[in-house]
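Each chain, written out:
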Amino acid sequence: MAGSTDDQEFCLREVLDVFKSCLTENKEVVIDNYVAGWRGLVRFMNSLGSVFSFISKDAVSKIQVMVNYRNGKNGEQYATIQSMVTYELESELVDLAKRGSFPESGCRTLLRLHRALRWLQLFLERLRTSAADSKTSVMCADAYNESLAQHHPWIVRKAAGVAFCALPGRATFFEVMNVGPPEQVVAMLGDALPLISEVYQVTEDLYAKHNLLNLP
Ligand SMILES: CCCCCCCCCCCCC/C=C/[C@@H](O)[C@H](COP(=O)(O)O)NC(=O)CCCCCCCCCCCCCCC
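Conventions used here
- Residues numbered from 1 in each chain as written.
- Predicted model: local features only at pLDDT ≥ 70, side-chain atom pairs only at ≥ 80, totals over all residues.
- Heavy atoms only, no water.
- UniProt positions renumbered as here; feature names shortened; annotations may be inferred.
- Near = heavy atom within 4 Å.
- Polar contact = N/O pair within 3.5 Å; in protein donor to acceptor, adjacent residues only side chain to side chain.
- Areas by Shrake-Rupley, 256 points an atom, 1.4 Å probe, with all protein chains shown as cover.
- Helix = DSSP H or I, 4+ residues; strand = E, 2+ residues; numbered from the N terminus.
- Nonpolar A, V, L, I, M, F, W, Y, C, P; charged D, E, K, R; others polar.
- pLDDT = per-residue confidence, 0-100.
- Contact = heavy atoms within 4.5 Å.
- Phe/Tyr/Trp six-rings, centres within 6.5 Å; stacked < 30°, edge-to-face > 60°.
- Buried < 20%, exposed > 50% of the residue type's maximum accessible area, 1.4 Å probe, protein only.

- Within an unreviewed UniProt entry, the label attached to the chain reads Ceramide-1-phosphate transfer protein, and the organism entered is Scleropages formosus.
- Per UniProt, the chain has the following entry under Sequence similarities (unreviewed entry): "Belongs to the GLTP family."

Here is the structure:
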């Protein structure tokens, strides 16, 4: 990703721009860009401290599964989420009801990231509309409870709750984003959110159409 390979130069705008570039003209979601977006987010999360490492480890391993498919012999089939779904379903490479021969199918792996994208969308929307004295930990927990938490067992929810308490306050959080003064952060979020939401919705509709929203 141009310009954001160095932690010092990290800017969240560039990361969110990558999500903007995910959608092709005919509304397909490009996996390389989707995965690059997640990489940038993970880098941002790592810069917030090591309490988040259990979260980033899981995200990194899912990102790696997708990268391996892209680099594998059927890489072309994994160019977009749409082509992946078609390919994996037609070739019967997905465990549909319970985990079996394909515990790391592209479809189920991407579904985990997709659910996390819903968390991101809700969290960024809260950040965007928050007052200067709002608590990031509360915004993050609310977004999580409304989305990802519903798919996580108690122990993961508990650990996530502990990690959220370690989030820096809104002012510091905005500084780490490295986008500029708070008004600029808010404006940047306003630009980025509709596109992130669109990527989310296109994926959600595709998964719903193929009955893949509950893949084990
Ligand atoms: C900045 C604060 C970061 C808060 C992150 C909120 C998300 C909390 C997720 C907690 C996940 C705990 C780790 C374990 C997950 C897995 O059990 C679970 C299920 O996987 P399985 O079916 O293979 O077993 N995995 C998942 O649900 C995928 C989780 C992926 C999480 C990616 C989070 C990346 C966060 C990027 C933060 C960027 C913030 C930018 C805001 C300006």
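## Quick look at the site of the ligand
Piece 1. What surrounds the ligand is a group of 25 residues, the closest being Asp58, Lys62, Arg108, Arg112 and His152.
Piece 2. Contacts to the ligand include aspartate 58, whose side-chain N or O atom sits 2.7 Å from a nitrogen atom.
Piece 3. Arginine 112 places a polar side-chain atom, nitrogen or oxygen, 3.0 Å from an oxygen atom of the ligand.
Piece 4. Protein chains bury 90% of the 930 Å² of accessible surface belonging to the ligand in isolation.
Piece 5. Secondary-structure elements contributing two or more residues to the shell around the ligand are α2 (31-46), α3 (53-71), α5 (106-129), α7 (154-165) and α8 (170-177).
Piece 6. Among the residues forming the shell around the ligand, the class breakdown is 20 nonpolar, one polar and four charged.

## Some details on the UniProt feature "domain: Glycolipid transfer protein" (unreviewed entry) in the chain
Piece 1. According to UniProt, the feature "domain: Glycolipid transfer protein" (unreviewed entry) maps to residues 31-178 in the numbering used here.
Piece 2. With 68% helix and 0% strand, residues 31-178 has its two end C-alpha atoms placed 26 Å apart.

## Describing the confidence of the model for the chain
Piece 1. With 96% of its residues at a pLDDT of 70 or more, the chain shows a mean pLDDT of 94.
Piece 2. Note that pLDDT drops below 50 for residues 1-7; the model gives that stretch twelve contacts with residues more than four away or on any other chain.
Piece 3. In the predicted complex, the global pTM is 0.95; the interface-specific ipTM is 0.97.

## Considering the packing of aromatic side chains
Piece 1. If you walk through the whole model with that rule in mind, you get eight aromatic pairs.
Piece 2. For the ring pair phenylalanine 123 and phenylalanine 173, a centre distance of 5.8 Å and an interplane angle of 80 degrees mean the geometry is edge-to-face. Residue phenylalanine 123 is located in helix α5, and its partner phenylalanine 173 is located in helix α8; the two are separated by 50 residues in the primary sequence.
Piece 3. Using a relative accessible area of 3% as the deciding quantity, one classes phenylalanine 173 as buried.
Piece 4. Ring centres of tyrosine 144 and phenylalanine 164 lie 5.3 Å apart, and the angle between their planes is 75 degrees; this geometry places the pair in the edge-to-face category. Of this pair, tyrosine 144 sits in helix α6 (residues 136-146) while phenylalanine 164 is found in helix α7, placing the two residues 20 residues apart along the sequence.

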